Amino acid sequence: MALRAIASRKTLAALGSGLRAQARLATTAAAAAASRGLVTFSLPDLPYDYGALEPAVSAEIMQLHHQKHHQSYVTNYNKALEQLEDAVARDDAPAVVKLQSAIKFNGGGHINHSIFWKNLAPIHEGGGEPPKGSLGWAIDADFGSWEAFVQKMNAEGAALQGSGWVWLGLDKEFKKLVVETTANQDPLVTKGANLVPLIGIDVWEHAYYLQYKNAKPDYLKNIWKVIDWKYASEVYEKECR
Amino acid sequence: MSANTMSYHWGKHHRSYVDNLNKQILGTELQGKSLEDVIVQTYNNGDLHPAFNNAAQVWNHDFFWDSMKPGGGGKPSGELLKLIERDFGSFEKFAEEFRAAAATQFGSGWAWLAFNPRPSDGKELVVLKTPNAVNPLVLGYTALLTIDVWEHAYYLDYQNRRPDYISIFMEKLVSWDAVSAKLEVAKAQAA
């Protein structure tokens, strides 16, 4: 599906040139890396318009979040992987170790945001509807009720200090659902090797600030109106087969 | 730095840290202690107590407002400039290091120019970056200058463009007078 944007003509023009420049840079770098047989990652398209999640999340935020923040993680992840390959090739162990934090930040950022876009959908496409089927029952079983689950996610998300994510995860060893937080762009797996992310809510300030300012709890309350459970249910059912 | 940003940053964020800290320490043994003491005690050598975040953020924001002035920017002079040139090679090299620290602090945090009273390499001035609420006090250093790089500090004015925010801070906001004054105090204490 092609990249879509909701914007005024003026913004679109400015955005277009910036985006073309960015895409050119990313494509050139990717082409260069690909010619060396290196796997490169790319920014996934959103399956909905930037404005499709309003009023819960503004078009302005969706656009910046996707085209600037997520793109930046992808670009820097690819850069770090290329540098890693070079370091490994010349047996430079200190350089390999030094690159780990850049890989964690940027790779984590790419992983987490890719899941996040799949966790969201416009209301007319099912966003906001709680899950049915086995995942719905599991939420009731493991948290007591849907309301208790949402409250727990929101409490943990609100209490997180600094930047990070709040997750609904599946512990695939014990087949239990858990609510967890991770700092910065740490993927959920850093909290437990058996944890599979189902729903992630970005609580970095860039995820809500332009619209909600310091009122993080309001953002958390409202984002449930566009949280979509199709992806989460698919992952859950696959792991619990 | 827009008035809009200031009204949220000082009026909401900083105010919240103050209100929440007061609520948190009420009736505990932390009540009545100086802010610096609360910070060091709740830092607990990295095993943070719940009040650390609020306490340190209160202090950090006080310090941040003090690091700036209207019509700021330019270059330091006198003793401060001398020490910067001694420990970094030149003001330009210091500025580059400070900007890089601010730009590469991943997630939320701060970049600092600090005074180390007991340097192992003879360099008393250091640039550091710290995550979330951590500050140089907990390392035994004296803070001289800081820039807030939590997204709330720049997002309304610069969105994702943190480097632009850092540039404007250096060019138009930093109060070298305040930094010099703090250096004098730090040297006096170390003597």
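These numbers were taken from a predicted model, which means no experiment stands behind them.

A. Region of interest: the overall build of chain B. Of regular secondary structure, chain B possesses 8 helices and 3 strands. On the principal axes, the C-alpha backbone points of chain B span a range of 50 × 40 × 25 Å. Looking at chain B as a whole, 52% of its 191 residues qualify as buried. Across chain B, contacts joining residues at least 24 apart in sequence account for 71% of those joining residues at least 6 apart. Split by element, the accessible area of chain B, about 8,700 Å² in all, is 51% carbon and sulfur. Side chains of chain B carry 18 positive and 22 negative charges; the gap between the two charge centres is 2 Å.

B. Geometry of the UniProt feature "domain: Manganese/iron superoxide dismutase N-terminal" (unreviewed entry) in chain B. UniProt tags residues 2-68 of chain B as "domain: Manganese/iron superoxide dismutase N-terminal" (unreviewed entry). Secondary structure content for residues 2-68 of chain B is 70% helix and 0% strand, and the end C-alpha separation is 13 Å.

C. How the structure looks around the nonpolar core. Core analysis: the largest hydrophobic core is formed by 61 residues, its most contacted members being Phe94(B), Ile147(B) and Phe169(B). Tallying contributions element by element places helix α3 (residues 52-66) of chain B first for this core, with 8 residues. Those residues in contact with Phe94(B) that lie beyond four places of it in its chain are Ile84(B), Phe88(B), Leu113(B), Val127(B), Leu145(B), Met170(B) and Trp176(B). One finds Tyr50(A), Leu177(A), Ile199(A) and Tyr236(A) within the second-largest nonpolar core, a separate group that totals 57 residues.

D. Representation of the UniProt feature "domain: Manganese/iron superoxide dismutase C-terminal" (unreviewed entry) in chain A within the structure. Sequence positions flagged by UniProt for "domain: Manganese/iron superoxide dismutase C-terminal" (unreviewed entry) are, in local numbering, residues 131-234 of chain A. Taken end to end, residues 131-234 of chain A is 40% helix and 23% strand, and its two terminal C-alpha atoms sit 11 Å from one another.

E. Molecular detail of the pattern of salt bridges. Tallying each qualifying case throughout the model produces 15 salt bridges over all chains. One salt bridge in this structure joins Lys176(A) and Asp142(A), with 3.8 Å as the shortest N-O distance. Of this pair, Lys176(A) sits in strand β2 (residues 176-183) while Asp142(A) sits in helix α5 (residues 133-143), and the two are 34 residues apart along the sequence. The exposure class of Asp142(A) is partly exposed, given its relative accessible area of 25%. By sharing partners, the salt bridges in this structure join Glu79(B), Lys82(B) and Lys187(B) into a single network.

F. Focus on a positive patch on the surface. Residue and element names in this part refer to chain A. On the surface, a cluster of positive charge is contributed by Lys-172, Lys-175, Lys-238 and Arg-241. By the element assignment, Arg-241 lies in the segment after α9 (230-239). With relative accessibility at 81%, the residue Arg-241 sits in the exposed group.

Definitions and limits used
- Residues numbered from 1 in each chain as written.
- Chains lettered and ligands numbered in written order.
- Predicted model: local features only at pLDDT ≥ 70, side-chain atom pairs only at ≥ 80, totals over all residues.
- Heavy atoms only, no water.
- Helix = DSSP H or I, 4+ residues; strand = E, 2+ residues; numbered from the N terminus.
- Buried < 20%, exposed > 50% of the residue type's maximum accessible area, 1.4 Å probe, protein only.
- Contact = heavy atoms within 4.5 Å.
- Areas by Shrake-Rupley, 256 points an atom, 1.4 Å probe, with all protein chains shown as cover.
- Lys, Arg positive; Asp, Glu negative; His and termini not counted.
- Charge placed at Lys NZ, Arg CZ, Asp CG, Glu CD.
- UniProt positions renumbered as here; feature names shortened; annotations may be inferred.
- Core = buried A, V, L, I, M, F, W, Y, C linked by side-chain atoms within 4.5 Å.
- Salt bridge = Lys/Arg side-chain N within 4 Å of Asp/Glu carboxyl O.
- Patch = residues over 30% accessible without salt bridge, like charges linked within 9 Å, V, L, I, M, F, W, Y side chains within 5 Å.

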